[in-house]
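Coordinate analysis (summary)
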Amino acid sequence: MGKIVGAAIVSHHPGLMQCEEFRVYMGAGADSDLIAGYGRLRKKIEAVKPDVVMIFDSHWFTTGYHLVDAGERYSGTYISDEMPWYLHGVPYDYRGHPELALAIEAVSRERGGYNRAIRHPELGRHYPTINLVKQLRLETMDLPVVAVSSCQNCDWEQFLPSGEAIGEAIRRSDLRVLLLASGALSHKFNGIDWKPRNPRIYHESNVSRPENIESDKQAIALMKEGRHDLILERWDEDYRRKPWEAFGAHYLQMLGALGGTACRFKGETLSDYENARGTGNIHVWFETQPHLDTQDARGLSEYTPIVTA
Ligand SMILES: [Fe+2]
C-alpha cells in the first residue's frame, strides 16, 4: 500500500533564486530565512525517503481540468516569461512518474472527477516546480517529480476532490509520495512604485496590507494546531478573498489528499514568515508518519484520518 510520507507548503518566489550576495544585500545584511528553510526541508525529505515528489504548482493554470504531468523526463533551460530579466538560464533535468499520473486519472474517472494526465514533450515548465527542484536538490537525489496544475475555472471546494483522487491513487500504489504545495498564502502584490516600509525586503511588515499579515498568521497558527477544518471553515469569508496564491489550489489539493476537513496533521514552521513583492511566504512541514503509526497500532487503515474533538 502506498503512503504519503510527508507534506509541506513551500515558498518558491524568484528572489530566492538570486545569488547569495544579492539576497543578503536585499535583506539589509542577512539572507532570507526561506533559504535556510530549504535546507531544513531537505533534511526532512532525506529522513522520509520518498519515491516520488508531487508538486502542486500554483503558476500552472489550466482551464477545464486538474492536470497531472505524465512526462517521463524533463530537461532544458528555464526562463520565466514573467520576470525574464530576473529568473533565466536555469538548467534542469529530472524524471517524471507517468504511472502515478495515469493512476490519478483512472481514480478520478471512476469518481466522475476532473483529474487528467497530460503527456506532451513540449509542455512548458513553471517556476513553482523548477525552483523547488533546484532548491531542494531533487535532481541530485534522482527523485521523480510529478506536477499538478491549478484549475482556474473551478470553485475552491472542487480542489478538495482533486486531492482526494490523488490520495486514493497513492494509496492504491506501492509508492512513498511526498506532497509539496508550492506557493504563497496571501498573494496581493505591492505596486510598481511601492517603497519598502522596512529596509529588510523580506521583513513581514513589507507584506501588502496589515490585514493580510494578520490573516496569514492566523492560518499559520491553525496549521500548527492541525486545525485544517477551521481553515476550511474560514476559507470563503477570509482566505478566498485575500486571496491566496492560485486561489489556494496548492494547499487545498494537498489537503484533499491528506483527508480534507478530517486532517489533523500539525504544521511545523521551517522558516520565518516573509514578504515577497507583498505576498506572504513561509515553509510549513506536516509530519504524516507518526499519525500513520498510531493508526497502525489501532488496527485502522493507514489512511483513515483521525478526527479529534
Ligand atoms: Fe508564485
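In this text, all values refer to a predicted model and were calculated from it rather than measured experimentally.

1. As for the layout of surface pockets
In this approach the atoms are scanned with a rolling probe the size of a water molecule, which exposes any empty space left behind. Its volume calculated, the largest pocket comes out at about 760 Å³. Residue lining of the largest pocket: 34 residues in total, with Pro14, Met83, Phe189, Ala276 and Arg277 positioned closest to the centre. Every element with two or more residues in the lining of the largest pocket is listed here: helix H1 (20–26), strand E2 (52–62), strand E10 (274–276) and strand E11 (279–281). Ranked by residue count, the leading element in the lining of the largest pocket is E2, at 3 residues. Of the residues that constitute the lining of the largest pocket, the class distribution is 20 nonpolar, 11 polar and 3 charged.

2. Looking at the coordination of the iron ion
Within the protein, His12 (NE2), His59 (NE2) and Glu245 (OE) serve as the donor atoms for the iron ion, at 2.0 to 2.1 Å. Along the chain, the residues donating to the iron ion fall in the pattern H-x46-H-x185-E. Pair noted here: His12 is in the loop between strand E1 (3–10) and H1 and Glu245 is in the loop between helix H7 (228–239) and helix H8 (249–257), with a separation of 233 residues, a long-range link. The pair formed by His12 and Glu245 is uniform in burial state, with each residue classed as buried.

3. Section: the pattern of salt bridges
Applying the stated criterion to the full structure yields 20 salt bridges. One salt bridge connects Glu204 with Lys217, and the closest N-O pair in it is separated by 2.8 Å. Of the two residues, Glu204 is situated in the loop between strand E8 (176–182) and helix H6 (210–225) and Lys217 in helix H6; the sequence distance between them amounts to 13 residues. The exposure class of Glu204 is partly exposed, given its relative accessible area of 25%. A salt bridge links Arg264 to Asp229, with the shortest nitrogen-to-oxygen separation between them at 3.3 Å. You can see Arg264 sitting in the loop between H8 and strand E9 (267–269) and its partner Asp229 sitting in helix H7, a full 35 residues away along the chain. Each member of the pair, Arg264 together with Asp229, is buried. Within this structure, Glu110, Glu168, Arg171 and Arg172 form a network of salt bridges that share partners.

4. Here's the deal with unusual backbone geometry
For the peptide bond that leads from Lys242 to Pro243, omega is -20°, which places it in the cis range. With respect to the helices, strands and loops of the structure, Pro243 is situated in the loop between H7 and H8. Phi is positive for Arg277, which is not a glycine, with a value near 55°. Locating Arg277 in the fold gives a position in the loop between E10 and E11. Overall, the relative accessible area of 54% leaves Arg277 in the exposed class.

5. Some details on the side chain of Gln135
With respect to the element layout, Gln135 can be found in helix H4 (residues 127–135). Those residues in contact with Gln135, other than ones at most four positions away along the chain, are Leu16, Met17, Ile35, Tyr38 and Arg42.

6. Quick notes on the pairing of strand E7 (residues 145–151)
In terms of residue burial, E7 counts as a mostly covered element, since 7 of its 7 residues are buried. Both E2 and E7 contribute to a ladder of 6 bridges, which runs parallel. Bridge assignment links Phe61 to a residue of E7, and that residue is Ser150.

7. Quick look at the side chain of Asn275
Structurally, Asn275 can be placed in strand E10. A distance of 2.7 Å separates a polar atom in the side chain of Asn275 from the backbone oxygen of Ile201. Reaching out from Asn275, the side chain makes a polar contact with the backbone nitrogen of Gly278 at a distance of 2.6 Å. Among residues more than four places away in sequence, those in contact with Asn275 are Asn190, Ile201, Tyr202, His203, Asn206, Val207 and Asn281.

8. Here's the deal with H7
With 12 residues, H7 should reach 16 Å at 1.5 Å per residue; the first-to-last C-alpha distance of 13 Å falls well below that figure. What H7 keeps buried is the set His228, Asp229, Ile231, Leu232, Trp235, Asp238 and Tyr239. Lining the buried residues of H7 we find helix H5 (159–172), H6, H8 and strand E12 (284–286).

9. Re empty space enclosed by the protein
Taken as a whole and judged by the stated rule, the model has 1 cavity of 30 Å³ or more. Computed from the structure, the largest cavity encloses a volume of approximately 50 Å³. Class assignment of the residues belonging to the lining of the largest cavity gives a composition of 2 nonpolar, 3 polar and 3 charged.

The rules behind the values
Residues numbered from 1 in each chain as written. Predicted model: local features only at pLDDT ≥ 70, side-chain atom pairs only at ≥ 80, totals over all residues. Heavy atoms only, no water. 1 Å grid on protein atoms, 1.4 Å probe; cavity = no way out; pocket = protein on both sides within 12 Å on 5 of 7 lines; lining within 4 Å. Points joined across faces, edges and corners; volume = space filled by probe spheres on them. Helix = DSSP H or I, 4+ residues; strand = E, 2+ residues; numbered from the N terminus. Nonpolar A, V, L, I, M, F, W, Y, C, P; charged D, E, K, R; others polar. Donors = N, O, S within 2.8 Å, 3.2 Å for Na, K, Ca; no water. Buried < 20%, exposed > 50% of the residue type's maximum accessible area, 1.4 Å probe, protein only. Salt bridge = Lys/Arg side-chain N within 4 Å of Asp/Glu carboxyl O. Contact = heavy atoms within 4.5 Å. Pairing = 2+ DSSP bridges. Polar contact = N/O pair within 3.5 Å; in protein donor to acceptor, adjacent residues only side chain to side chain. Expected span 1.5 Å × (residues − 1).

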